[in-house]
Amino acid sequence: MKLRNPPVNSLSLELLTELVIGLEKLENDKTFRGVILTSDRPGVFSAGLDLTEMCGRNPAHYAEYWKAVQELWLRLYPSSLVLVAAINGASPAGGCLMSLTCDYRVLADNPKYVIGLNETLLGIVAPFWFRDSLVNTIGHRASERALQLGLLFSPAEALQVGMVDQVVPEDQVQSTALSVMSRWMAIPDHARQLTKIMMRKATVDHMIKQREADLQNFVNFISRDSIQKSLQVYLEKLKQKKG
Amino acid sequence: MKLRNPPVNSLSLELLTELVIGLEKLENDKTFRGVILTSDRPGVFSAGLDLTEMCGRNPAHYAEYWKAVQELWLRLYPSSLVLVAAINGASPAGGCLMSLTCDYRVLADNPKYVIGLNETLLGIVAPFWFRDSLVNTIGHRASERALQLGLLFSPAEALQVGMVDQVVPEDQVQSTALSVMSRWMAIPDHARQLTKIMMRKATVDHMIKQREADLQNFVNFISRDSIQKSLQVYLEKLKQKKG
Amino acid sequence: MKLRNPPVNSLSLELLTELVIGLEKLENDKTFRGVILTSDRPGVFSAGLDLTEMCGRNPAHYAEYWKAVQELWLRLYPSSLVLVAAINGASPAGGCLMSLTCDYRVLADNPKYVIGLNETLLGIVAPFWFRDSLVNTIGHRASERALQLGLLFSPAEALQVGMVDQVVPEDQVQSTALSVMSRWMAIPDHARQLTKIMMRKATVDHMIKQREADLQNFVNFISRDSIQKSLQVYLEKLKQKKG
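Residues numbered from 1 in each chain as written. Chains lettered and ligands numbered in written order. Predicted model: local features only at pLDDT ≥ 70, side-chain atom pairs only at ≥ 80, totals over all residues. Heavy atoms only, no water.

Help me out: how do you make sense of the overall build of chain A in this one?
When helices and strands are counted, chain A shows 9 helices and 10 strands. Against the compact-globule benchmark of 18 Å for 243 residues, chain A has a radius of gyration of 17 Å, which places it among compact chains. A separation threshold of at least 6 residues defines the contact pool for chain A, and within that pool the share at least 24 residues apart is 77%. Carbon and sulfur atoms make up 55% of the accessible area of chain A, which amounts to about 10300 Å² in all. Both charge centroids of chain A, one from 27 positive and one from 25 negative side chains, sit 2 Å from each other. (Helix = DSSP H or I, 4+ residues; strand = E, 2+ residues; numbered from the N terminus. Rg over C-alpha atoms; globule rule 2.2 N^0.38 Å. Contact = heavy atoms within 4.5 Å. Areas by Shrake-Rupley, 256 points an atom, 1.4 Å probe, with all protein chains shown as cover. Lys, Arg positive; Asp, Glu negative; His and termini not counted. Charge placed at Lys NZ, Arg CZ, Asp CG, Glu CD.)

Set out below in structure tokens:
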């Protein structure tokens, strides 16, 4: 499954909706047992959530957008498919989150391909289920530091802290992901799926229980003048960079 | 305490019952403060649960067997004794579980002495209290990967991931275990026991609360035709190997 | 903020009260955004709880003292300030606990500067919120071993297990702590504070819920004849050492 939303694979409402529908189809099609998540455009895995969906819109739009983000996570994290992330580019915030939902992460060895949940740098806060996905991957202490500082890890650091499972030369990311996939495919499917659910169920149940509150919380937070202002400043900077 | 049930120290109903009674005696005898768990037969620490107890029998037998497995864990995990595992052989599945209940694990440095919870390879699923014992030892992420893939770790890998605390040459396993034991014995007993309970109580309480459901779940799962078939296939393979 | 209570910076009732009041002031003064905790007397960061407050007094005094210990932790652990520990000396028990509440720990590279929760060596047990602070920092397995054995880690071991974040030459502790502080100060305050609370709230809420029971538990435990005796023996030894 290739992420494609030029120029930086932002998770726009449209892309989120496509991903959720695509995953649902694959999940129900018994001929598919695994998915490799990668980017159609090497250099950026995904720039994460689309700030233009969270800036200068009305509360109803924020709510619709956030529901789609929740939906994607709820599709990915407990997926019965084997999910392998072939991370062939930078992977901040929502891009990092997507890779954290996978069963295995392969990252291309390029110092520009940083990965992490850098929300605090934008003046916003990663929601609790981003936190849970991270804590389940790298543990409590490393998460506390990474989330507060909004750390973006280089490939070597990401491997060291456990954010990814393997770092390989850029031209071997896809082949490595494929061979990882065949290794996971060799396990009896039913036993593997039950085991995965056993590991992730508590985290998913907690999210579902808090889903409405999380939605309200997001809409209230993002609608604040101070937050809107800091997002606008950030967006302006991005535009100037590109210009 | 030496495990002895030729040829591979399978945890038969009889061996489980003996172990539980033996541990109960040691626990109540105030002259004993610690136990070293090892194998009477170097080469195999324990092959784990006895598949012949879980294959081709009736539900009442499965229930009796599973109660004995639960009982052993409930004796070992919160034991007030100092438990040191002197792992002098391969230690898959239930063998690994026993070592995970100990306070310290010493593994002989022999590439054949693999250790891990490899249930998925047999098409079955490790119960939640196997998972909890593993997560408490090697953390969430490493457990997720190890349990889904049914990984059996070599000594070097086991040390790296934290599955064991020390790897030593094969002829030094017992002496190392003894010196570890004397180190732990030097701590005031009462304070050490209260501290151990503080660390393990939540895990034990959760298991006791879910004990009946876990029993029902096991009997239903193991009685399924598909599971019985895959166990029979596995047992046939084992017989041919030996033959 | 410099700890000063000669000769070893024991956390006497007086020092605890001063610290709590001082932290409250800093927390409410919006011109302060961070605090570096260090010792006025290099060589001892803090010897931890003051045994003379817990030995040979009456239950009312034990209760008053323990409330002050709880209060300090409740001020430090969820503090909205950035807390950096510049650990310029030995840091056993309560000294270690204080450093565990910080956001970052820098330890001077001197083999005498050991750090850890060594309560079991005195025949007592670290309370559950000491445990939680440790588990959140170094994980479950390392905590289980460290707490049972009352381990005091050397700087190299402390870094290895994750008890501290950085070990530097003794004359660079303060400058390193300052540069760490400016790194943390660069993050938007509001987002950082919300993120910190998200990481620590569950631990703090659990402590508050159990606060009264923990107080009762401490007073009962410390009032026991056997515990008083072992503390007296320990205090005598300390006096002879100094003498």
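Before we go on, may I ask you to explain the interface of chain B and chain A in this structure?
One widely used convention gives an interface's size as the accessible area the parts lose upon coming together. Taken residue by residue, the interface counts 21 residues in chain B and 20 residues in chain A. By the criterion of area lost to chain A, the three top residues of chain B are B:R141, B:Q148 and B:L149, representing 39% of everything that side buries. Taken together, the links from chain B to chain A amount to 2 salt bridges. A salt bridge links B:E144 to A:R200; the shortest N-O distance between them is 2.9 Å. Summed over the shared surface of chain B and chain A, the number is 9 residue pairs in polar contact (both at pLDDT 80 or more). For the side of chain B that touches chain A, the element with the most residues is helix 5 (residues 140-149) of chain B, which contributes 8 residues. (Buried area = accessible area lost by both parts, 1.4 Å probe. Salt bridge = Lys/Arg side-chain N within 4 Å of Asp/Glu carboxyl O. Polar contact = N/O pair within 3.5 Å; in protein donor to acceptor, adjacent residues only side chain to side chain.)

Is there a simple way to explain the packing of helix 4 (residues 128-138) of chain A against helix 5 (residues 140-149) of chain A in this structure?
Relative placement of two packed helices is described by the angle separating their axes and the distance separating the axes. Residue and element names in this part refer to chain A. Their axes nearest at 7 Å, the elements helix 4 and helix 5 cross at an angle of 130°. One finds that helix 4 runs oblique with respect to helix 5. In the crossing of helix 4 with helix 5, the sense of the turn from one axis to the other is right-handed. Here helix 4 contributes R131, L134, V135 and I138 to the contact with helix 5, which in turn contributes H140, A142, S143, A146 and L147. Tallied by class, the residues present in the contact of helix 4 with helix 5 amount to 6 nonpolar, 2 polar and 1 charged. (Axes fitted to C-alpha atoms, helices over the stretch in contact; angles between N-to-C directions. Parallel < 35°, antiparallel > 145°, perpendicular 65-115°, else oblique. Left-handed = near helix turned anticlockwise from the far one by under 90°. Nonpolar A, V, L, I, M, F, W, Y, C, P; charged D, E, K, R; others polar.)

Looking at this model, I keep getting lost on the interface of chain B and chain C. Mind explaining?
Contact residues are listed per partner, giving 20 residues for chain B and 21 residues for chain C. With both chains or domains summed, chain B and chain C bury close to 1800 Å², and 62% of this area falls on carbon and sulfur atoms. For the interface between chain B and chain C, the tally reads 2 salt bridges. A salt bridge links B:D165 to C:R141; the shortest N-O distance between them is 3.0 Å. For the pair chain B and chain C, the number of links is 9 residue pairs in polar contact (both at pLDDT 80 or more).

Hey, could you run me through the relation of the copies chain B and chain C in this one?
In this structure, two copies of a chain are linked by a rotation about an axis accompanied by a shift along it. With an RMSD of 0.0 Å, the fit of chain B onto chain C corresponds to turning through 120° and sliding 0.0 Å along the axis. Interpreted geometrically, this transformation is the action of a three-fold axis. Considering only C-alpha atoms, the residue of chain B closest to the rotation axis is B:G139, which sits at 4.3 Å. (Least-squares fit on C-alpha atoms with pLDDT ≥ 70 in both.)

Which parts of the structure should I look at to understand the environment of C:S80?
Residues and elements named next belong to chain C. Mapped onto the secondary structure, S80 falls in the loop between helix 2 (59-76) and strand 6 (82-87). Between the C-alpha atoms of S80 and H190, which are 110 residues apart in sequence, the distance is 9.0 Å. Once residues lying within four places of it in the same chain are set aside, the contact partners of S80 are E27, R192 and Q193. Among the polar contacts made by the side chain of S80, one reaches the side chain of E27 at a distance of 2.6 Å.

Could you clarify how one ought to interpret the sheet that holds strand 8 (residues 104-108) of chain A in this entry?
What holds strands together in a sheet is hydrogen bonding between their backbones, with the strands either parallel or antiparallel. Residues and elements named next belong to chain A. If you trace the 5 strands from one edge of the open sheet to the other, you get 1-3-6-8-10, paired in parallel fashion. Sheet topology places strand 1 (2-3) and strand 10 (166-168) at the edges, where each strand pairs with a single neighbour. Here 3 bridges tie strand 8 to strand 10, and the two strands are oriented parallel to one another. Each residue of the ladder has a partner; that of V106, found in strand 10, is Q166. (Pairing = 2+ DSSP bridges.)

Sorry, what's going on with the packing of aromatic side chains here?
The geometry of two aromatic rings is summed up by the distance between their centres and the angle between their planes. Residues and elements named next belong to chain A. Summed over the entire model, instances satisfying the criterion amount to 18 aromatic pairs over all chains. Between W129 and F130, the aromatic rings sit 5.0 Å apart at their centres with planes inclined by 65°, giving edge-to-face as the arrangement. Taken individually, W129 and F130 each receive the classification buried, so the pair is uniform in this respect. R200 extends its terminal NZ or CZ atom over the ring of Y77, reaching a point 4.3 Å from the ring centre. (Phe/Tyr/Trp six-rings, centres within 6.5 Å; stacked < 30°, edge-to-face > 60°. Buried < 20%, exposed > 50% of the residue type's maximum accessible area, 1.4 Å probe, protein only. Lys NZ or Arg CZ within 6 Å of the ring centre and 35° of its normal.)

Please clarify how the state of the cysteines should be interpreted in this entry.
The full count for this structure, using the stated rule, is 0 disulfides over all chains. With no disulfide of its own, A:C96 lies closest to A:C102 among cysteine sulfurs, the gap being 11 Å. (Disulfide = S-S within 2.5 Å.)

Help me understand the pattern of salt bridges in this model?
Between side chains of opposite charge, a pair can form as their charged atoms come close. Residue and element names in this part refer to chain B. Counting across every chain of the model gives 34 salt bridges over all chains. Where D189 meets R33, a salt bridge forms, and the shortest distance between an N and an O atom there is 3.2 Å. Taken as a pair, D189 in helix 8 (residues 189-209) and R33 in the loop between helix 1 (13-28) and strand 3 (34-39) lie far apart in primary sequence, 156 residues in all. Judged by its relative accessible area of 22%, D189 falls in the partly exposed class. Relative accessible area serves as the criterion here: at 29%, R33 is assigned to the partly exposed category.

Mind showing me how you'd approach the side chain of B:R200 here?
For B:R200, the position within the fold is in helix 8. With a relative accessible area of 2%, B:R200 lands in the buried category. Side-chain polar atoms of B:R200 contact the backbone oxygen of B:C102, separated by 3.1 Å. Leaving out residues up to four positions away in the same chain, B:R200 has contacts with B:Y77, B:L100, B:T101, B:C102, B:D103 and C:E144.

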